[in-house]
Amino acid sequence: MEKIIQITSGRGPEECSWVVAQVLKKIMEEARSEGLEAQILHREPGQENGTVATATLIVKGKESAVFVDSWIGTIQWIGTSQFRKMHKRKNWFIGIFEIEQSAVPKISYVDIKHQAMRSSGAGGQNVNKVSSAVRATHTPTGISVVAMDSRSQHQNKKTATERLVRKLEEATLELLKKEVDKKWENQLNIVRGNPKRVFTGTDFKKQNVEKNYKSTRQQLKNNLKNYIE
């Protein structure tokens, strides 16, 4: 199971971009501590050093749905601005939203077809006598690549597969970026109230209010377990 989320500062000032950077670290650390895999797919830096305007990451693992649900919503940070020391504002908000994956193709080796073909170009007669080149095609999308680096068809098949997977990963990332662009309204829908989690101070400590989320999370686990059964 995997989930994709967007962490965004919305139209907030750079203080909010600083909060995004801190939350991104927290999510990565917490995911690892719970045996989940978290990978950053896209990150847009803020204007100040160490800040992130928006980030998209994928969380994989058995309980990724429960984990992600515990973060979805508004995140509040209570603290003094790192960039404007005299600024009176103490409450800063960012948003975390889930990105639907319906438009993102899955990469499966079962969908990769290989076709032997004769090499072309320089190399003399020996190159053209044997069908050593290999074309690898991803059937669902039609994306294909050709490898003719080696005289060994087996090696070219391996090379073509690796190149195709990289190309598919790049195409998938582009699709995800487009999905994030479609979610631009997320930048406008950050609710300044009823936060899912609250952090305080420059060391970004958790507020006691987060203790309430533990019981909710356990309930979500139970619901998920009952649903699977």
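Going by the structure above, here's the rest.
Residues numbered from 1 in each chain as written. Predicted model: local features only at pLDDT ≥ 70, side-chain atom pairs only at ≥ 80, totals over all residues. Heavy atoms only, no water.

Draft legend 1. Geometry of the nonpolar core. In terms of nonpolar packing, the biggest core is built from 28 residues, with Ile7, Val23, Ile27 and Leu57 touching the most fellow members. If you list the elements that add at least two residues to this core, you get strand 1 (2-8), helix 1 (14-33), strand 3 (52-60), helix 2 (64-69), strand 4 (73-78) and strand 5 (91-99). Examining the composition of this core, we find that ten residues originate from one element, helix 1, more than from any other. Ignoring sequence-local partners within four residues, the contact set of Ile27 consists of Ile5, Ile7, Leu57, Phe67, Trp71 and Ile96. Val145, Ala147, Leu164 and Val165 belong to the second-largest nonpolar core, a separate cluster that totals nine residues. (Core = buried A, V, L, I, M, F, W, Y, C linked by side-chain atoms within 4.5 Å. Buried < 20%, exposed > 50% of the residue type's maximum accessible area, 1.4 Å probe, protein only. Helix = DSSP H or I, 4+ residues; strand = E, 2+ residues; numbered from the N terminus. Contact = heavy atoms within 4.5 Å.)

Draft legend 2. Region of interest: the sheet that holds strand 1. Strand order in the open sheet formed by seven strands is 2-3-1-5-4-9-10, and the pairing between neighbours is mixed. Each edge of the sheet is formed by a strand with only one pairing partner; in this case those strands are strand 2 (37-45) and strand 10 (205-206). Pairing of strand 4 with strand 9 (residues 197-200), which is carried by four bridges, proceeds in the parallel orientation. Residue pairing in the sheet places Ile75 in a bridge with Arg197 of strand 9. (Pairing = 2+ DSSP bridges.)

Draft legend 3. A look at the packing of aromatic side chains. A complete count under the given rule lists four aromatic pairs for this structure. Summarising the aromatic geometry, the rings of Trp18 and Trp77 are spaced 4.7 Å apart at their centres and angled 55° between planes, so their arrangement reads as tilted. With a gap of 59 residues between them, Trp18 in helix 1 and Trp77 in strand 4 connect regions that are remote in the sequence. Among the residues examined, Trp77 registers a relative accessible area of 1% and is labelled buried. (Phe/Tyr/Trp six-rings, centres within 6.5 Å; stacked < 30°, edge-to-face > 60°.)

Draft legend 4. Here's a closer look at the environment of Phe83. For Phe83, the location among the structural elements is in the loop between strand 4 and strand 5. Look at Phe83 and you get partly exposed, because its relative accessible area is 29%. Taking the C-alpha atoms as reference points, Phe83 and Trp18, separated by 65 residues in sequence, lie 9.7 Å from one another.

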